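# Examination of the molecular architecture
This is what each chain is made of:
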Amino acid sequence: MDEFVIEKDNSTTTRTGDDVLHKADLMRLNNGWNDKNERIIISVGENAASYKWMHEKCANYHKFTHKFISILLIVLSTGLTAETIFPNQNDDFIMEIIRRTIVYVVNVLTVLQTFFRSEEVGEKHLVAAGAYSSLYHDIQQQMCMFRRDRVNATKYVSECLKQYDSLVITSPDISSRILMKFKNTFRNSDIALPEIADKIQKIEIITEDPMQ
């Protein structure tokens, strides 16, 4: 019988080795960036922009509430002061009821203003909005650069996720009214919405060729 001699083809092995080296060089050139981690970081940036929008609206709402109550207190207190300076000479029962009512309303408004702390809460929302804005613009700046010029992907994604989670935990709560307004405004938008908007972000895994 004729013997068949099987010769090993080294070309396939050489090509596989070259592909591995090419892939490693490409990863180093791109600083570890790929389509999947770009989508993750873009999602974080869009969520940060969403929180920025909501915190700014909350800050404006609390600022308006504080100003409105303050104006009411000024008007009512001024009326009481005028009544004290120019007292009614006649013992009018109706005027006494009105005076007592105004005093009661002033006390209630003062307690409510102290309880709600609208001015303080509004400042916290502004600080949170500024922090989210900083994170958003930093991600936006990185995504505007070529992959080779960016920060290392693994390190950058990890830092951004930690910063984002820290902001979500430490920031003041979003009011249900502002959250509903956000949902209605961006209902048909294609941006990544934060979890607070009843949307869970899908986790994607990177797919690779098993031969490489």
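Basis of the calculations
- Residue indices follow the written sequence of each chain, beginning from 1 at its first position.
- A pLDDT threshold of at least 70 governs which residues receive local features in this predicted model, and a stricter bar of 80 or more applies before side-chain atom pairs are shown or counted, although totals over entire chains, interfaces and linings include all residues.
- Side-chain measures were taken over the full set of non-hydrogen atoms in the model, leaving aside hydrogen atoms and water.
- Helix and strand labels come from DSSP, where a helix needs a run of H or I of at least four residues and a strand needs a run of E of at least two; each type is numbered from the N terminus.
- Under the scheme applied here, a residue whose accessible area is under 20% of the maximum for its type counts as buried, over 50% as exposed, and between as partly exposed, the area being computed with a 1.4 Å probe on protein chains only.
- Throughout, a contact is declared for two residues whenever any of their heavy atoms are within 4.5 Å.
- Using the Shrake-Rupley algorithm and a 1.4 Å probe, accessible areas are obtained, with residue cover drawn only from the displayed protein chains.
- Inter-axis angles, ranging from 0 to 180 degrees, are taken between N-to-C directions of lines fitted to C-alpha atoms, where helices are fitted over the stretch in contact.
- With respect to orientation, any angle under 35 degrees is reported as roughly parallel, any angle over 145 as roughly antiparallel, any angle of 65 to 115 as roughly perpendicular, and every other angle as oblique.
- Left-handed describes a crossing in which the near helix is turned anticlockwise from the far one by less than a right angle; the clockwise case is right-handed.
- Classes in brief: Ala, Val, Leu, Ile, Met, Phe, Trp, Tyr, Cys and Pro nonpolar; Asp, Glu, Lys and Arg charged; the others, Gly included, polar.
- Residues grouped as a nonpolar core are buried Ala, Val, Leu, Ile, Met, Phe, Trp, Tyr and Cys residues, joined through side-chain atoms within 4.5 Å.
- Aromatic pairing here means that ring centres of Phe, Tyr or Trp (its six-membered ring) are within 6.5 Å. Orientation follows from the plane angle: under 30 degrees is stacked, over 60 is edge-to-face, and everything else is tilted.

The helix and strand inventory of the chain stands at six helices and zero strands. Of the regular secondary structure in the chain, the N- to C-terminal order runs α-α-α-α-α-α. Per-residue burial over the chain gives 26% buried out of 212 residues. By sequence separation, contacts in the chain at least 24 residues apart represent 83% of the contacts at least 6 residues apart. Of the roughly 15300 Å² of accessible surface on the chain, 60% is carried by carbon and sulfur atoms.

Right, let's talk about the packing of helix α4 (residues 118–143) against helix α5 (residues 153–170) for a bit. Closest axis-to-axis distance for the α4/α5 pair is 10 Å, and the angle between their directions is 160°. If you check the angle between α4 and α5, you find them roughly antiparallel. Crossing handedness for the pair α4 and α5: left-handed. Contacts between α4 and α5 involve Ala131, Tyr132, Leu135, Asp138, Ile139 and Gln142 on the former and, on the latter, Tyr156, Cys160, Gln163, Tyr164, Leu167 and Val168. Among the residues making up the contact of α4 with α5, the classes are represented as nine nonpolar, two polar and one charged.

A few words on the nonpolar core. Residues Ile41, Met54, Leu135 and Ile139 are the most contacted members of the largest nonpolar core, which totals 23 residues. Elements with a contribution of two residues or more to this core: α2 (35–85), α4, α5 and α6 (176–185). Ile69, Leu73, Leu80 and Leu109 belong to the second largest nonpolar core, which has five residues in total.

Here we come to the packing of aromatic side chains. Within the structure shown, the criterion is met by nine aromatic pairs. Ring centres 5.4 Å apart and planes at 85° place the aromatic pair Trp53 and Phe186 in the edge-to-face group. With Trp53 in helix α2 and Phe186 in the segment after α6, the pair connects residues that are 133 residues apart, well separated along the chain. Ring centres of Tyr132 and Tyr164 lie 6.4 Å apart, and the angle between their planes is 70°; this geometry places the pair in the edge-to-face category. Here Tyr132, found in helix α4, pairs with Tyr164, found in helix α5; they are 32 residues apart in sequence, far enough to count as distant.

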